[in-house]
Amino acid sequence: MSKVKSFFYLFSVLFLVWLGFTATFQLQELALGLTLSFLLSLIFYKTYVNIGFPPLGIKRFVFALIYIIVVFKEIIKANLDVAYRAVHPKIPINPGIVIIRTNLNGDVAKTVLANSITLTPGTFTLDVIGDRLLIHWINVESKSEEEATKLIGERFERYLRIIFA
Amino acid sequence: MNAITILFLSIICLGLFLSFLRMLSGPTAPDRAVAVDTMTTIIVATLVLVAFILERYIYLDVALVYSLISFVGLVALARFLEKGF
Amino acid sequence: MYYLGVVVTGVGVLFLCLGGIGLFRFPDVYNRVQAGTKCTTLGAFATIIGVGIMEPTWFWKTLIIALFILATNPISSHSLGRAAYKSGTELAEGSVVDMASEFEEYSEE
């Protein structure tokens, strides 16, 4: 990605965040926001290239929308599950710490995967090193690495592989 | 301020009170930190609800800034716990 | 529209309370993080969006706050969980398996 392109990406992202946070269209606010995002993108555009956001595209956008819907469904399932365990008089939990593998490259993709795992039923990410994730599982169903990967990570990874390909 | 908002606020207060008890009685330091994390999230939601009840738009800004500051503070606290007390 | 907002807010408030109950009842730090993250994330999200539905002129602002909570809550809970593990907090009595000793960074200690 060329430097000019990354500069404009960062500039538009910062300005959109400013618009969202202030939520007004007064001239002073707009001028201050434009100045601040211009200065910040002058300073940080080199870092932004190194983080490695994927370029935009129609296919990515559609799959990102599908991914958001999938994550929301999983969040609601997770909440019902944890709420059931919390109010049940015997507290039916079966906790443990397992390791799963991921095929994703890139820090942003791994961060999204780890956050999605944290929000979904019974699992949360303790640590990420290389291609392995350390997961705390509230109801351990399998101790082997392959099966845990299939049960926890696979339902997100097949979308994320396309989005961050 | 009608019956349903009082009901909502009292349900929130029950959750907040239980997390507060966990913060007081947590056997280890990470327990207390987790309780504070939960409490800040509940308080942000409560602030938005209070903004609706009192009809003050400015409370939404308070909620936004509170969630920003609590996030940064909790990450700093976690870094501190990680290196040992 | 107003009653839809009331229902959404009610669901959110209920989940916030359940998060508090789970936090109080679960036996060790990691399970408490689970309750404290999942329930309060959905609870706060639904409460804030519900207020936005009840007061349509506030909708964008509430959406921003809700998305911010949805993005940052997993990160702070993840860092707290890792801090708990690295500072040597034990798992609860009934725990089944602890594979962390096979993980590179932890096996040396």
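The numbers attached to residues start from 1 for each chain and follow its sequence in the written order. Here every chain gets a letter starting at A, and every ligand a number starting at 1, in the order they are written. Note on the predicted model: pLDDT of at least 70 is required for a residue's local features to be given, and 80 or more for side-chain atom pairs to be given and counted; whole-chain, interface and lining totals, by contrast, use all residues. Derived side-chain values reflect all non-hydrogen atoms in the structure, with water molecules and hydrogen atoms excluded from consideration.

1. Structural notes on the side chain of Thr 123 of chain A
Right, so step 1: Secondary structure elements follow DSSP: runs of H or I of four or more residues count as helices, runs of E of two or more count as strands, with numbering from the N terminus. Among the secondary structure elements, Thr 123 of chain A is positioned in strand S2 (residues 123–129).
Right, so step 2: By the criterion applied in these results, polar contacts are pairs of N or O atoms within 3.5 Å in which, for protein atoms, one can donate a hydrogen and the other can accept it, and in which residues neighboring in sequence qualify only through two side-chain atoms. A polar side-chain atom of Thr 123 of chain A sits 3.0 Å from the main-chain carbonyl oxygen of Ile 117 of chain A.
Right, so step 3: Beyond its immediate sequence surroundings of up to four residues, Thr 123 of chain A is in contact with Ile 117, Thr 118, Ile 135, His 136, Trp 137 and Ile 152 of chain A together with Gln 34 and Lys 38 of chain C. Residue contacts are defined here by distance: any two heavy atoms, one from each residue, within 4.5 Å place the two residues in contact.

2. Let's talk about the pairing of strand S3 (residues 132–137) of chain A
Residues and elements named next belong to chain A.
Right, so step 1: Summarising burial for S3: 6 of the 6 residues are buried, a large majority.
Right, so step 2: Here S3 shows no split at all, with Arg 132, Leu 134 and His 136 on one side and Leu 133, Ile 135 and Trp 137 on the other all buried.
Right, so step 3: Only strands joined by at least two bridges in the DSSP assignment are considered to pair. Of the strand pairs in this sheet, strand S1 (residues 96–101) and S3 are connected by 6 bridges, and their pairing is antiparallel. Across the sheet, Val 98 pairs through a bridge with Ile 135, a residue of S3.
Right, so step 4: Relative to S3, S2 runs antiparallel, the two being bridged by 6 bridges. Accessible area is worked out with a 1.4 Å probe on protein chains only. A residue is then buried under 20% of its type maximum, exposed over 50%, and partly exposed in between.

3. Focus: helix H5 (residues 145–163) of chain A
Residues and elements named next belong to chain A.
Right, so step 1: Two axes enter the definition of the bend at a residue: one is fitted to the seven residues ending there, the other to the seven starting there, and the bend is the angle between them. For H5, the principal kink sits at Gly 153 and spans about 65°.
Right, so step 2: Where H5 is concerned, the buried positions are Glu 145, Ala 148, Thr 149, Ile 152, Gly 153, Phe 156, Glu 157, Tyr 159, Leu 160 and Ile 163.
Right, so step 3: Looking at the buried positions of H5, the neighbouring elements they touch are helix H3 (58–87), S1, helix H4 (107–119), S2 and S3.

4. What to know about H4 of chain A
Helical geometry: 3.6 residues make up each α-helical turn, so side chains three or four residues apart lie on a common side.
Right, so step 1: Given a rise of 1.5 Å per residue, 13 residues ought to cover 18 Å, and the 18 Å separating the end C-alpha atoms of H4 of chain A matches this to within 8%.
Right, so step 2: By the criterion of burial, H4 of chain A is predominantly enclosed, with 10 of the 13 residues buried. In this analysis, the expected span of each helix is defined as 1.5 Å times one less than the number of residues it contains.

Remember, this is a structural readout, not a statement about activity or role.
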